[in-house]
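# Descriptive analysis of the structure
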Amino acid sequence: MAIVRFDAILSKAYNAPITASYTSIGSPLTKNWRMFKITNNTNGDMMFSANASTDNIFVPAGGFTLYDCSTNAANVGDTDTFVMGIGTQFSVKYTSVPTSGTVYIEGLYAQGV
């Protein structure tokens, strides 16, 4: 049986700072995330990257996006291949300058598979 676990929230405040170049959000993942949500609680538009160089995900000011990587995948184990993998480092940059708020990334992983 697999048990759903929440990982620690990754976050970065607008004045941490978030700039026009990619900066890391927290530490690299230590679990394989099966689902994750990115929330942009700033008043600026944001671009997110999983490798600090490629524009992967755009989230407008006050918006969010939710990814479910493995709903229809079998619970094979912690080495499942369709997950946001261990070692992934999320990064963020603005596409319009924020003056308030924080960006958040929340992740779910499986335990006991």
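Attention in this report is confined to the structure presented alongside it. Quick caveat, the model's predicted, so the values are computed rather than measured.

### Structural notes on the sheet that holds strand 8 (residues 91–94)
Pairing in this open sheet of 4 strands is antiparallel, and the strands run 3-8-5-6 from one edge to the other. In the strand order of this sheet, the two ends are held by strand 3 (23–24) and strand 6 (57–59), each with one partner. Of the strand pairs in this sheet, strand 5 (residues 46–49) and strand 6 are connected by 3 bridges, and their pairing is antiparallel. Across the sheet, the residue bridging to M47 is F58, located in strand 6.

### Topic: the layout of surface pockets
Empty space left among the atoms is revealed by rolling a probe the size of a water molecule over them. By volume, the largest pocket is sized at about 150 Å³. Taken together, 12 residues form the lining of the largest pocket, with V4, R34, M35, S70 and A110 sitting closest to its centre. Those elements that provide at least two residues to the lining of the largest pocket are strand 1 (3–6), strand 4 (33–40) and strand 9 (102–111). Looking at the lining of the largest pocket residue by residue, the class counts come to 7 nonpolar, 3 polar and 2 charged.

### What to know about the nonpolar core
Membership of the largest hydrophobic core comes to 18 residues, with the highest contact counts inside it found for I25, W33, F36, F48, F90 and I105. Beyond its immediate sequence surroundings of up to four residues, I105 is in contact with I9, L10, I25, W33, F36, K37, I38, F48 and F90.

### As for the pairing of strand 5
Residues M46 and F48 point to one face of strand 5 and M47 and S49 to the other, with burial holding for every one of them. Bridge count for strand 5 against strand 8 is 4 bridges, and the pairing is antiparallel. Following the sheet pairing, S49 is matched in strand 8 by S91.

### Observations concerning the packing of aromatic side chains
Scanning the model with the defined rule gives 4 aromatic pairs in all. For the pair F36 and Y67, a centre-to-centre distance of 5.2 Å together with 25° between the ring planes defines the contact as stacked. Taken together, the residues F36 in strand 4 and Y67 in strand 7 (residues 64–68) connect sequence positions 31 residues apart. The class of F36 is buried, set by a relative accessible area of 3%. On the accessibility criterion, Y67 (33% relative accessible area) is partly exposed. Considering the side-chain rings of F36 and F90, the 5.5 Å spacing of their centres and the 50° angle between planes classify their relative orientation as tilted. With a gap of 54 residues between them, F36 in strand 4 and F90 in the loop between strand 7 and strand 8 connect regions that are remote in the sequence. By relative accessible area, F90 is classed as buried at 3%. Put simply, the rings of W33, F36, Y67 and F90 pair up and form one aromatic cluster. Between K31 and the ring centre of Y109, over which it is positioned, the NZ or CZ distance is 5.4 Å. Directly above the aromatic system of F64 lies the positively charged group of K37, at a separation of 5.0 Å from the ring centroid.

### Thoughts on the pattern of salt bridges
Evaluation of the coordinates by the stated rule reveals 1 salt bridge. A salt bridge links K93 to D55, with the nearest nitrogen and oxygen atoms 3.3 Å apart. Highlighted residues: K93 in strand 8 and D55 in the loop between strand 5 and strand 6, separated in sequence by 38 residues. Accessibility expressed as a relative area gives 19% for K93, which makes it buried.

Analysis parameters
- All chains use their own residue numbering, which begins from 1 and follows the written sequence.
- Where totals are concerned, whole chains, interfaces and linings use all residues; where local detail is concerned, this predicted model gives features only for residues with pLDDT of at least 70, and gives and counts side-chain atom pairs only at 80 or more.
- Side-chain measures were taken over the full set of non-hydrogen atoms in the model, leaving aside hydrogen atoms and water.
- Pairing between two strands is assigned when DSSP locates at least 2 bridges connecting them.
- Strands here mean DSSP runs of E at least two residues long; helices mean DSSP runs of H or I at least four residues long; both are numbered from the N terminus.
- We place a 1 Å grid over just the protein atoms. Points where a 1.4 Å probe fits but has no way out form a cavity, open points with protein on both sides within 12 Å along at least 5 of 7 lines form a pocket, and any residue with an atom within 4 Å of a point lines it.
- Grid points are joined across faces, edges and corners, and a volume is the space filled by probe spheres set on the points.
- Put simply, Ala, Val, Leu, Ile, Met, Phe, Trp, Tyr, Cys and Pro go in the nonpolar bin, Asp, Glu, Lys and Arg in the charged bin, and everything else, Gly too, in the polar bin.
- Think of a nonpolar core as a cluster: buried Ala, Val, Leu, Ile, Met, Phe, Trp, Tyr and Cys residues, connected wherever their side-chain atoms sit within 4.5 Å.
- We call a residue buried when its accessible area falls under 20% of the maximum for its residue type, exposed when it is over 50%, and partly exposed in between, using a 1.4 Å probe and counting protein chains only.
- Two residues qualify as a contact provided that any one of their heavy atoms is within 4.5 Å of a heavy atom in the partner residue.
- Between rings of Phe, Tyr and Trp, where Trp is taken as its six-membered ring, a pair exists when centres lie within 6.5 Å; planes separated by under 30 degrees are stacked, by over 60 edge-to-face, and by other angles tilted.
- Only lysine NZ and arginine CZ atoms are considered, and such an atom sits over a ring when it is within 6 Å of the ring centre and within 35 degrees of the ring normal.
- By definition here, a salt bridge exists when the distance from a side-chain nitrogen of Lys or Arg to a carboxyl oxygen of Asp or Glu is within 4 Å.

Interpretation note: all reported values are geometric properties and have no functional meaning in isolation.
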